[in-house]
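For reference, the chains in residue letters:
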Amino acid sequence: MCSATRMVATPLESVPAEETLINALRGCRDQQELKDLEQRLAAVEGAPPLFDWICDLLVKRSLSSILAAKLLRQLHQS
């Protein structure tokens, strides 16, 4: 089970730490896992939209440009 699946399968009670989100994003194997993660984060009060969060991580260089591009494309296409 990938880290994204574990994060998505478990109800989120608060905004996850940035490192936790990065690990979950790296563990997303397909578009459905990414959409599931996006929906779980959307249900958490105070969590930014996943698209915005990925962009912020990219600007901060906390996420590789290749991974960010792949994830943003998947979000855009869904």
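Up top is the structure these notes are about.
Just so we're clear, the structure is a prediction, and the values are computed from it rather than from any experiment.

**Q** Outline unusual backbone geometry, listing residues and values.
**A** Within the chain, R61 stands out as a residue other than glycine whose phi angle is a positive 65 degrees. By the secondary structure assignment, R61 is in the loop between α4 (50-59) and α5 (65-77).

**Q** Quick one: what's the story with α5, residue by residue and with numbers?
**A** The end-to-end C-alpha distance of α5 is 18 Å, a good match for the 18 Å that 13 residues give at a rise of 1.5 Å each. Elements in contact with the buried residues of α5: α2 (18-27), α3 (31-42) and α4.

**Q** Provide a residue-level description of the pattern of salt bridges, including the pertinent values.
**A** Considering all chains together, one arrives at three salt bridges under this definition. The closest approach of N and O atoms between E18 and K60, which form a salt bridge, is 2.6 Å. One end of the pair, E18, is in helix α2; the other, K60, is in the loop between α4 and α5, and 42 residues separate them in sequence.

**Q** Residue-level account of the environment of Q31, with values.
**A** Checked against the element boundaries, Q31 lands in helix α3. Accessibility expressed as a relative area gives 29% for Q31, which makes it partly exposed. Along the chain, Q31 and K70 lie 39 residues apart, while their C-alpha atoms are 9.8 Å from each other. If we ignore the near neighbours within four places in the chain, the residues touching Q31 are Q74, Q77 and S78. Looking at Q31, its side chain comes within polar contact range of the main-chain oxygen of Q74, at 2.8 Å.

The rules behind these values
- All residue numbers refer to position in the chain's written sequence, counted from 1.
- Totals for whole chains, interfaces and linings use every residue, but because this is a predicted model, local features are given only for residues with pLDDT of at least 70 and side-chain atom pairs only at 80 or more, for both listing and counting.
- For the side-chain quantities, the full set of heavy atoms in the structure was used; hydrogens and water were omitted.
- Counting from the N terminus, the helices are the DSSP runs of H or I reaching at least four residues and the strands are the DSSP runs of E reaching at least two.
- Multiplying 1.5 Å by the helix residue count minus one yields the expected span of that helix.
- Contacts are residue-level and defined by heavy atoms, with any inter-residue pair within 4.5 Å sufficient.
- Any Lys or Arg side-chain nitrogen located within 4 Å of an Asp or Glu carboxyl oxygen qualifies as a salt bridge.
- Exposed residues in this analysis have more than 50% of their type's maximum accessible area, buried residues have under 20%, and partly exposed residues fall in between, with area computed by a 1.4 Å probe over protein chains only.
- Two N or O atoms form a polar contact when they lie within 3.5 Å of each other; inside protein one atom must be a possible hydrogen donor and the other a possible acceptor, and for residues adjacent in sequence the pair counts only when both atoms belong to side chains.

Interpretation in functional terms is not warranted from these geometric data alone.
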